[in-house]
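Coordinate analysis (summary)
Given next are the chains, with one letter for each unit.
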Amino acid sequence: MAKKSKLKLGLYWAASCGGCEIAVVELREKILLLDEAADILFWPVAMDFKVKDVEAMPDGHMDVCLFNGAIRTSENEEMAHLLRRKSKVLVAFGSCAYEGCIPGLANLFDKDSILRRVYLEVPTVDNPRGVLPQPITHLPEGEVEIPRLYNTVKTLGQVTDVDYFVPGCPPQPHQIWAVVEAILGGNLPPKGSVVGANEKTVCDECKRLREEKRIKKYYRYHEIIPDAEHCLLEQGIVCAGPATRGGCGALCPQVNQPCRGCYGPPPNVMDQGAALLSAVASVVDANSEEEAARIVGDILDPAGTFYRFGLPASTLHRARLGNR
Ligand code: SF4
Ligand code: SF4
């Protein structure tokens with residue numbers, strides 16, 4: 001009998017923190033099973049692959065590419081197009097590729113104000129000549145070119161065609177393994193599906209008691225010691241469970257932390273931030289507009305709270321940049 005050929009797999013890291021790569025390593029002993037079933041053709045964070053190795057592959061040569069990270073620079077976008085061409089199945093792997101995630105909060109600013117802040121203004125910076133990174137630097141030896149920083153962070157799906165989306169910051173190892181098994185078994189759902197998660201919300205997976213209690217105040221997490229049995233939202237802590245897709249097993253509420261929303265919107269919800277805003281408003285116990293404004297005014301950093309993981313993918317997409 002002919003030996004079954006191994007899956008040709010690629011993994012790539014664009015604008016992200018590296019947590020998705022660590023989550024792959026957290027497959028632990030299962031990584032040996034992955035190695036048995038797949039040849040890894042490209043994984044620059046772990047092995048010395050070069051872009052020219054990918055360029056030399058015939059189109060569609062890789063069976064699957066797990067692409068993590070948002071599109072923040074010209075290099076990220078070039079790699080997205082290259083890996084799309086070279087892969088039969090391209091997966092937006094993790095919250096940054098799927099929705100923009102924390103790098104996407106940069107969409108509250110433009111690139112010039114970010115560069116100014118980081119290179120000139122922060123108190124720990126010593127940059128008396130006010131040097132800012134330049135895309136091209138001329139040296140006696142020749143030109144040095146670095147990737148261009150974009151004004152707007154985009155999701156992978158906003159720059160190229162994506163086959164599947166795996167949510168999570170990072171995706172949980174048991175969910176990554178479920179995706180690997182689905183790929184190996186050829187049991188993938190229709191193109192465009194969210195995989196490695198389920199069709200419920202985090203609240204549906206959470207064991208805490210809900211009593212439809214209303215609140216008079218929202219607390220920042222350090223201002224309160226929450227009861228370990230009851231719903232955190234009903235204790236005045238913003239918990240994104242009602243507006244977040246299930247699949248992690250309500251990991252954060254299990255350890256007395258609110259869900260931050262990293263699995264993205266549940267099925268049939270277009271805008272996670274708007275859904276969370278609605279859940280947060282629904283538990284407010286106010287007798288007047290002023291009282292309601294005071295209660296929700298306790299929530300500092302509303303953009304970062306409601307759109308922490310999904311600003312680029314949301315209906316807002318980014319803050320307005322004047323006439324640009
Ligand atoms: S809001 Fe948070 S704490 Fe409350 S049930 Fe949902 S996930 Fe659990
Ligand atoms: S509880 Fe929420 S923030 Fe925590 S891992 Fe699950 S989806 Fe992510």
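First, a word on what this report is: a plain description of the structure on this page. Residue positions are counted from 1 within each chain, in the order its sequence is given. Think of it this way: whatever chain is written first is A, whatever ligand is written first is 1, and the rest follow in order. Only residues with pLDDT of 70 or above have their local features reported here, since the model is predicted, and side-chain atom pairs are shown and tallied only from 80 upward, although totals for entire chains, interfaces and linings are computed over all residues. Based on all heavy atoms of the structure, the side-chain values leave hydrogens and waters out of the count.

This part covers the overall build of the protein. Where helices and strands are cited, they refer to DSSP runs of H or I of at least four residues and of E of at least two residues respectively, numbered from the N terminus. From N to C terminus, the protein includes 12 helices and 9 strands. As defined in this context, the radius of gyration uses C-alpha atoms, and a globule is described by 2.2 Å times the residue total to the power 0.38. Taking 324 residues into account, the globule formula puts the C-alpha radius of gyration at 20 Å, and the protein, at 22 Å, falls close to it. Overall, the C-alpha framework of the protein stretches about 65 × 65 × 35 Å when taken along its three principal axes. Here the protein holds 324 residues, and the buried ones make up 46% of them. Buried means the residue's accessible area, taken with a 1.4 Å probe over protein chains only, is under 20% of the maximum for its type, while exposed means over 50%, and partly exposed covers the values in between.

Attention now goes to the packing of aromatic side chains. We call Phe, Tyr and Trp rings a pair once their centres come within 6.5 Å, taking the six-membered ring for Trp, and we label the pair stacked below 30 degrees between planes, edge-to-face above 60, and tilted otherwise. Per the stated rule, a full pass over the model turns up 4 aromatic pairs. Centre to centre, the rings of Tyr12 and Phe67 are 5.5 Å apart; their planes meet at 50°, and the pair counts as tilted. Placement of Tyr12 in strand S1 (residues 7-13) and of Phe67 in strand S3 (residues 62-68) is noted, with a sequence separation of 55 residues between them. By the burial criterion, Tyr12 is buried, and Phe67 matches it. Relative to Phe165, the ring of Tyr98 has its centre 5.6 Å away and its plane inclined at 45°; by these criteria the two rings are tilted. Of this pair, Tyr98 sits in helix H5 (residues 95-99) while Phe165 sits in strand S9 (residues 164-166), and the two are 67 residues apart along the sequence. Geometrically, a charge over a ring is one whose NZ (Lys) or CZ (Arg) sits within 6 Å of the ring centre while staying within 35 degrees of the ring normal. The ring of Tyr219 carries Lys217 above its face, with NZ or CZ at 5.4 Å from the centroid.

As a further point, take the side chain of Asn107. One can find Asn107 in the loop between H5 and helix H6 (111-121). Side-chain polar atoms of Asn107 contact the backbone nitrogen of Val153, separated by 2.7 Å. Contact between two residues is taken to exist if any of their heavy atoms lie within 4.5 Å; hydrogens are not considered. Setting aside anything within four residues of it in sequence, one finds Asn107 in contact with Asn151, Thr152, Val153, Leu311, Pro312, His317, Arg318 and Ala319. Definition of a polar contact: a pair of N or O atoms within 3.5 Å, with one able to donate and the other able to accept a hydrogen when the atoms are protein atoms, and with sequence-neighbouring residues admitted only if both atoms are side-chain atoms.

A word on the site of ligand 2. Taken together, the neighbourhood of ligand 2 is formed by Val202, Thr244, Cys248, Leu251, Cys252, Pro253, Cys259, Arg260, Gly261, Cys262 and Tyr263. No other element matches the 3 residues that helix H9 (residues 251-254) contributes to the shell around ligand 2. Nearness of a residue to a molecule or strand requires only that one of the residue's heavy atoms be within 4 Å of it.

Buried Ala, Val, Leu, Ile, Met, Phe, Trp, Tyr and Cys residues that are joined via side-chain atoms within 4.5 Å together make up what is termed a nonpolar core. Counting 35 residues, the largest nonpolar core has Tyr218, Leu233, Val238, Leu276, Val280, Ile299 and Phe306 as its most contacted members. No other element matches helix H10 (residues 272-282), which puts 3 residues into this core.

Here we take up a nonpolar patch on the surface. Surface patches are drawn from residues lacking salt bridges whose relative accessible area is over 30%; two like charges belong together within 9 Å, two nonpolar side chains (Val, Leu, Ile, Met, Phe, Trp, Tyr) within 5 Å. The Shrake-Rupley method, run with a 1.4 Å probe sphere, supplies the accessible areas, and residue values consider only the shown protein chains as cover. When a carboxyl oxygen of Asp or Glu lies within 4 Å of a side-chain nitrogen of Lys or Arg, that pair is called a salt bridge. Taken together, the side chains of Val118, Tyr119 and Leu120 present a nonpolar region at the surface, about 240 Å² in accessible area. Along the chain, Val118 falls in helix H6.

Okay, the pattern of salt bridges next. Under the defined criterion, the tally for this structure stands at 14 salt bridges. Ionic pairing is found between Lys86 and Asp59, a salt bridge with its closest N-O pair at 3.0 Å. Taken together, the residues Lys86 in helix H4 (residues 74-86) and Asp59 in the loop between helix H3 (51-55) and S3 connect sequence positions 27 residues apart. Judged by relative accessible area, which is 4%, Lys86 ranks as buried.

Moving on to the packing of helix H2 (residues 30-37) against helix H7 (residues 173-184). To define axes, lines are fitted to C-alpha atoms, for helices over the stretch in contact only, and angles between the resulting N-to-C directions are given on a 0 to 180 degree scale. Two elements in contact, H2 and H7, have axes whose closest approach is 12 Å; the angle formed by their N-to-C orientations is 20°. Between H2 and H7, the angle falls in the class roughly parallel. As for how H2 packs across H7, the hand of that crossing is left-handed. Contacts between H2 and H7 involve Lys30, Leu33, Leu34 and Ala37 on the former and, on the latter, Trp177, Val180 and Leu184. Under the grouping applied here, Gly and all other residues not named as nonpolar or charged are polar, the nonpolar ones being Ala, Val, Leu, Ile, Met, Phe, Trp, Tyr, Cys and Pro and the charged ones Asp, Glu, Lys and Arg. Here the residues of the contact of H2 with H7 sort into 6 nonpolar, no polar and 1 charged. Oblique is the label for any angle not covered by the other classes, which are roughly parallel (under 35 degrees), roughly antiparallel (over 145) and roughly perpendicular (65 to 115). Here is the rule for handedness: rotate from the far helix to the near one, and if that takes an anticlockwise turn smaller than a right angle the crossing is left-handed, while a clockwise turn gives right-handed.

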